[in-house]
Amino acid sequence: MDKCLLLCVLLFSSYSHVSAHYYPSKNTLVSSVTKNAILPIFTFTLNTNEEYFIHIAGPFLVRSCNDGLPRPIIPCGSATCALTRRLSPHQCPPTQNAIINGRCACQATAFEPFQRLCNSNQYTYGDFSMSSLNPRSPSFTFNNVKYLCIPKPFLIDFPPGVLGLAGLAPTALATWNQLTPPRLGLEKKFALCLPSDTNKGAIFFGGGPYKLGNTDARSMLTYTQLIKNPRRLNNYFLRLKGIFVNGEKILLAQNAFGFDGKGDGGVTLSTVTPFTTLRSDIYKVFTEAFSKATSDIPRVNSTTPLEFCFKSTEHFQVPQIDMKFADGKIWKVIAANSMKKISDDVACLAFLNGGDAAAQAVVIGMHQMENTLLEFDVGRSAFGFSCSLGLVNASCGDFQTKP
C-alpha cells in the first residue's frame, strides 16, 4: 500500500476507538448534501426545507424571488453595495442600480453557469436559518443575511425544490462567511463532502468536529496553501507543482500552472464542472502518459464528453494520478475518482480537454472531489483534503449531520 494511503488508514484507525461523545459540543452548522439527478449539482438545506446548490466560486447567496413582495433596500451608496461591484462576475457587464419607491436601491449581478446567463436584480437582506450540531441549539437563525433576489426565469432550468444558489467564494458576502459570526465561536472556514452516488453527503460551516462514525475526520486532512488571484477574487486557487501518472511526473513547461499577466491560468476548484478540465497543452501530455500506462487495457469507443474509454473487467486496474503541490503535499486520485463508470464493461478517464484558450490551466471538477472531505480554511488560507473515504470503508453519507 502507498505510504500516504497507509497513513490515511492508520490515522482513521487510531482515532476510531474514541467515542464521538468525547468531543465537546460546538455550534458547527451542518446540512446533508444531495447529488441532483437532473443537473450536475449538489444541494444543501437552509430555512428547514429550502434547497440551494453549492457553488464554491459564487460570490453571493442568490434566492429566487417571484412573489412581487417589497424587500428591504440596501442603499446604493453603502459599503455593501460598493463591495458587490468588486465581486461582480467577470463574465457579466457592469451592474446598474435602480430606483425603488424614490430611493436608490442596490442591484447586484449573478452568473448562472449552466445556461451562462447574467441577471441583475435587487440586493437585499433577510433571515436565514441552518441546522447545528449543538444539541442545545439544534438550529440557528441569522438576521440581516444579504442575498441577491432573482426572478424565477433566471433559475428556470433548476430542478424542482432548488430555490437558489449558495455562493461559497472567498469573499465577505459569501454564504459561509455571513453564517459564521464570531459571537457563536465559529471559525472562518467550511468543509464539504460530495457524495458519489444517491447517498447523502455533508457540508459544515464554522469548523469541526467532522464526526465520521466515532472519528473526528479532521485527523485525516492534509493541508496545502490557498492562494489569491487579484483578477479572480471569487475563485480558490492552489499552487500545483506537478502531475504524476503511475508515479512518473509528466513533462510540462515550467510555468504551465502559473498565472499570466491578465490573471488567466492557475489551478482552481469547481462545483459546477463535472470533470477535471485541463488546458490543451497539459491535457495532451497527461493523456499521452495515461495511454502509455494503460497500453495493455483494451480501448473502446469514446463516450461524449469523455475521450479515453476502456473495456472494464473484474480485475480492471488503472494507474494512480497524483497532484503534487508546491509545498510537497500530494492529493492522490484513485480509480474511483479518475475513472467514470459508463456501463458494466466500460469506464472512461474522467478528465476533459479545456482547449487552448481555457481560462484556467486546471479546473478540479466534482467527480475528482467526490467521497473526499475537503476543508476551505479561509481564515488561514489553507485547503485541507483527505484520502478517498472508500479506502477506510466509509463514505460521505457516514458523517453526522444531526446533534
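Conventions used here
- Residues numbered from 1 in each chain as written.
- Predicted model: local features only at pLDDT ≥ 70, side-chain atom pairs only at ≥ 80, totals over all residues.
- Heavy atoms only, no water.
- Phe/Tyr/Trp six-rings, centres within 6.5 Å; stacked < 30°, edge-to-face > 60°.
- Helix = DSSP H or I, 4+ residues; strand = E, 2+ residues; numbered from the N terminus.
- Buried < 20%, exposed > 50% of the residue type's maximum accessible area, 1.4 Å probe, protein only.
- Domains from an automatic or database assignment.
- Contact = heavy atoms within 4.5 Å.
- Buried area = accessible area lost by both parts, 1.4 Å probe.
- Salt bridge = Lys/Arg side-chain N within 4 Å of Asp/Glu carboxyl O.
- Polar contact = N/O pair within 3.5 Å; in protein donor to acceptor, adjacent residues only side chain to side chain.

Asker: Sorry if this is basic, but what is going on with the packing of aromatic side chains here?
Answerer: Aromatic rings considered in pairs are described by the distance between their centres and by the relative angle of their planes. Scanning all chains against the criterion turns up 22 aromatic pairs. When the ring of Trp176 is compared with that of Phe190, the centres are 6.2 Å apart and the planes differ by 35°; the resulting orientation is tilted. Within this pair, whereas Trp176 is found in helix α3 (residues 175-178), its partner Phe190 is found in strand β11 (residues 190-193), the two being separated by 14 residues in sequence. The buried category is assigned to Trp176, whose relative accessible area is 3%. With a centroid separation of 5.9 Å and an interplanar angle of 55°, the aromatic rings of Phe325 and Phe385 are classed as tilted. Taken together, the positions of Phe325 in strand β23 (residues 321-325) and Phe385 in strand β30 (residues 382-385) put the pair 60 residues apart, joining distant regions of the chain.

Asker: In this structure, what is going on with the domain arrangement of the protein? I would like to understand it.
Answerer: Accessible area lost during the coming together of the parts is what is often quoted as the interface size. Taken domain by domain, the protein holds domain 1 (29-186) and domain 2 (217-392). A C-alpha centroid distance of 29 Å is found between domain 1 and domain 2. Contact with domain 1, which involves 20 residues of that partner, is made by 14 residues of domain 2. A buried area of about 1400 Å², summed over both sides, lies between domain 1 and domain 2, and 63% of it is on carbon and sulfur atoms. When the buried surface of domain 1 facing domain 2 is broken down by residue, Phe42, Ile56 and Pro170 rank first, second and third, together holding 37% of it. If you look at where domain 1 meets domain 2, you find one salt bridge. Across the pair Glu370 and Lys35 runs a salt bridge whose closest N-O atoms are separated by 3.0 Å. Viewed at the interface, domain 2 and domain 1 are joined by six residue pairs in polar contact (both at pLDDT 80 or more).

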